[in-house]
Amino acid sequence: DDVVEILENLDKRNVNAIVNETPLDDNSILMAVSALNFKPRFINGPARKAEKEDDDLHPQPPPQESAKSKRPPIVTIMGHVDHGKTTLLDALRNSQIAAGEFGGITQHIGAFSVDLGKKGQKVTFLDTPGHAAFSSMRARGAKGADIVVLVVAADDGVKEQTVQSIQFARSANVPLVVAVNKIDKPNADPMRAMRSLLEHDVVVEQLGGDVQCIHVSALQSRNLPALQDALILQADLAELKSTKDGKVEAVIVESSVVHGIGKVCTLIVSRGTLKKGCVLVAGNSWCRVKTMQDEHGKNVTIALPSQPVRVSGWRDDLPTPGDLVLEAETVDRAQKVVNLRISKSMQEKAERDWEETAEQREKDRETYLKNRQFLLNRGQRFGSTLRCVVHKNQRIEKDQDDTHPKFRIILRTDVEGTLEAILEILSTYKSEMCSLQIVDFEVGSPTEKDIELAKETGATIYAFNLPISNQIRQKAEASGCQIDQFNVIYRLVEALKTEIESRLPKLE
Ligand code: GDP
């Protein structure tokens, strides 16, 4: 059944490397194994890397030079908590609705576009206030935005997150436009707010600098057109340009699973013209654009540079905000790229896991040495001579002294080397309070004879690095004897320690 499942899974992923008795390549193995929810581990280290993978991870040819034209700026709003970011976003969004152009229902899709009504001028706002969207985009190598609107409450001035926002914009090399908010409040002091910005090297125009600063009231929608004009001016300065020709490039702003629609992503086009039916690749998923909607829930047929749209039709994983979106020539190419990316991320994970196991192995060794020391110390505490019987095949005669605590084992190991190593460690165990008796030891899986012996002597069978057949297991169960399996020496020692501890008289 498993094999059929693996084959079906590979088939679904378009891996056609399945020819009878031909070994699968590492990528296919990784895919098959993880599709079954197993963790891949390569005995000889992580899987080999695909050659020239960087080309294969990119679904489209390099863009052709084509005439560029102005595109709207993408703006994000930042500032201290409660200084009015959300209110300002709402006011900007509502300015469209108030203009009567739309039905009044806006959806939160991660971004919205405001038409300023002059010569088709538009501004795109990211509508997750604060750092969240911006920083997750930045973290994934996207620029985040063209302009940061820094909101500073006129009655509160510069605060901790105001400073953080300034640093953020600076590190991303994104210009600021300051919005001094809440000027309607009786205790508003815009001059104080502007002066305190000086301390952080933000010099507003009113104080002789070159940072635009608009005084607004988000609550009363006062002076918002001036803010929008400032954004357009800033955009002109930055000469933001793009082309609507060629293959589409975009950035994911938000992604979610919507009931009844499935996986949807809001993206902002950065180049080209997005249309229904376009094949896209983003992160570890691909999509044939099924529907496109704007922030008013209206279906749109095309999306131009800087325009945000919500796109449905995604397959595989859900893309993450900040993921680069690229148009692929064909579905086949898109699938191939996604498969390669998935296996690459699995490879990277396998590499990390491999390093972690190496660390774990080192830790295991340390624990093993500590346990060995524990047994030695324990022996010294009771200070007596070696009591354990380490003579091959020496049988324990019917017990002479039933009151004396003891623990008996029958030891079976895979090879001579481990047998010797374990015996050596056990020989260091010395105690009169509880004796360890090795009833028998041998290389090879436990046999029916061992079970009889165990039953006779009350010993536990310790099997090291050995398979136990079902038949033996059933026999052991029927005889009420215990078989413990180990494949790490220190675990065996630890189990032994626990058994002995439980038999020791309680210490004061
Ligand atoms: P955010 O945490 O930065 O998103 O701040 P909010 O937009 O949630 O605003 C915090 C509080 O300030 C809310 O009670 C708003 O009503 C209020 N507020 C926001 N803008 C203004 C404004 O221009 N004037 C006044 N008086 N209050 C405002």
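Definitions and cut-offs
Residues numbered from 1 in each chain as written. Predicted model: local features only at pLDDT ≥ 70, side-chain atom pairs only at ≥ 80, totals over all residues. Heavy atoms only, no water. UniProt positions renumbered as here; feature names shortened; annotations may be inferred. Core = buried A, V, L, I, M, F, W, Y, C linked by side-chain atoms within 4.5 Å. Buried < 20%, exposed > 50% of the residue type's maximum accessible area, 1.4 Å probe, protein only. Helix = DSSP H or I, 4+ residues; strand = E, 2+ residues; numbered from the N terminus. pLDDT = per-residue confidence, 0-100. Contact = heavy atoms within 4.5 Å. Pairing = 2+ DSSP bridges. Axes fitted to C-alpha atoms, helices over the stretch in contact; angles between N-to-C directions. 1 Å grid on protein atoms, 1.4 Å probe; cavity = no way out; pocket = protein on both sides within 12 Å on 5 of 7 lines; lining within 4 Å. Points joined across faces, edges and corners; volume = space filled by probe spheres on them. Nonpolar A, V, L, I, M, F, W, Y, C, P; charged D, E, K, R; others polar. Phe/Tyr/Trp six-rings, centres within 6.5 Å; stacked < 30°, edge-to-face > 60°. Near = heavy atom within 4 Å. Polar contact = N/O pair within 3.5 Å; in protein donor to acceptor, adjacent residues only side chain to side chain. Areas by Shrake-Rupley, 256 points an atom, 1.4 Å probe, with all protein chains shown as cover.

The name recorded for the protein chain in an unreviewed UniProt entry is Tr-type G domain-containing protein, from Caenorhabditis angaria. The record in UniProt for the protein chain states the following under Sequence similarities (unreviewed entry): "Belongs to the TRAFAC class translation factor GTPase superfamily. Classic translation factor GTPase family. IF-2 subfamily." The record held by UniProt for the protein chain lists under Function (unreviewed entry) the comment "One of the essential components for the initiation of protein synthesis. Protects formylmethionyl-tRNA from spontaneous hydrolysis and promotes its binding to the 30S ribosomal subunits. Also involved in the hydrolysis of GTP during the formation of the 70S ribosomal complex."

> Mind laying out the nonpolar core, listing which residues take part and the relevant values?
Ranked by size, the top nonpolar core spans 24 residues in total, and within it Ile77, Leu88, Phe125, Val149 and Leu231 carry the most contacts. Only strand E2 (74–79), helix H4 (85–98), strand E3 (111–115), strand E4 (122–126), strand E5 (147–153), strand E6 (176–181) and helix H8 (224–238) provide two or more residues apiece to this core. For this core, the element with the highest residue contribution is H8, accounting for 5 residues.

> Describe the confidence of the model for the protein chain, and please don't skip the residues or the numbers.
Mean pLDDT over the protein chain works out to 80, with 73% of the residues at or above the 70 mark. Low pLDDT, under 50, characterises residues 378–396; the stretch is placed with 46 contacts to residues that sit more than four places away or in other chains. Scored as a complex, the prediction yields pTM 0.63 and ipTM 0.99.

> Tell me what's going on with the environment of Leu496, and back it up with residues and numbers.
As for its placement among the helices and strands, Leu496 is situated in helix H13 (residues 489–503). Among the residues examined, Leu496 registers a relative accessible area of 1% and is labelled buried. Here the alpha-carbon distance between Leu496 and Arg408, two residues 88 residues apart in the chain, equals 9.8 Å. Residues in contact with Leu496, not counting those within four places in the same chain, are Phe407, Ile409, Leu426, Leu436 and Tyr462.

> Could you give me a rundown of the pairing of E2, with the residues and numbers involved?
When you tally the buried positions in E2, you get 6 out of 6 residues, the bulk of the element. Here E2 shows two buried faces, one formed by Ile74, Thr76 and Met78 and the other by Val75, Ile77 and Gly79. The pairing of E2 with E4 spans 2 bridges and is parallel. By the bridge assignment for E4, Val75 is matched with Phe125. Summarising the sheet, E2 and E5 pair through 5 bridges and their orientation is parallel. What sits directly across from Ile77, in E5, is Val149.

> Please provide a residue-by-residue account of the sheet that holds strand E16 (residues 324–327), values included.
Strands sit in the order E9-E10-E15-E13-E12-E16 around a closed barrel of 6 strands; the barrel is antiparallel. The mean angle between the axes of side-by-side strands here comes to 45°, regardless of whether they run parallel or antiparallel. Taken together, the 9 bridges between strand E9 (residues 249–258) and strand E10 (residues 262–271) define a ladder with antiparallel strand orientation. Looking at the pairing, Val257 lines up with Lys263 of E10.

> How would you summarise the layout of surface pockets if you had to cite specific residues and measurements?
Volume-wise, the largest pocket comes out at about 700 Å³. For the largest pocket, the lining is made up of 35 residues, of which Pro72, Ser113, Gly120, Lys122 and Pro305 are closest to its centre. Listed by contribution, the elements that provide at least two residues to the lining of the largest pocket are strand E1 (69–70), E3, E4 and H8. When its residues are assigned to classes, the lining of the largest pocket shows 12 nonpolar, 11 polar and 12 charged.

> A description of the packing of aromatic side chains should follow, citing residues and the corresponding values.
If you walk through the whole model with that rule in mind, you get 3 aromatic pairs. Arranged with centres 4.9 Å apart and planes meeting at 55°, the rings of Tyr462 and Phe486 form a pair that is tilted. Of this pair, Tyr462 sits in strand E19 (residues 460–464) while Phe486 sits in strand E20 (residues 483–486), and the two are 24 residues apart along the sequence. Phe486 shares its class with Tyr462; the two are buried.

> An account of the site of the ligand is requested, with residue identities and associated values reported.
If you check the shell around the ligand, you find 15 residues, and the closest are Asp82, Lys85, Thr86, Thr87 and Asp184. Take Ser217: an N or O atom from its side chain is 3.3 Å from an oxygen atom of the ligand. Protein burial of the ligand: of its 580 Å² of free accessible surface, 74% is covered by the chains. The biggest single contributor to the shell around the ligand is H4, with 3 residues. Here the residues of the shell around the ligand are counted per class, giving 3 nonpolar, 7 polar and 5 charged.

> Give me the lowdown on the sheet that holds strand E17 (residues 406–413), citing residues and values where you can.
Here we have 4 strands laid out as an open sheet, ordered E18-E17-E19-E20, and parallel in their pairing. Only two strands of the sheet have a single neighbouring strand rather than two, namely strand E18 (435–443) and E20. Put simply, the sheet's adjacent strands are angled 25° from each other on average, direction ignored. Direction of pairing for E19 relative to E20: parallel, over a ladder of 4 bridges. Of the residues in E20, the one forming a bridge with Ile461 is Ile483. Sheet strands in contact with helix H11 (residues 448–457) are E17, E18 and E19, and its direction is about 175° off that of E17.

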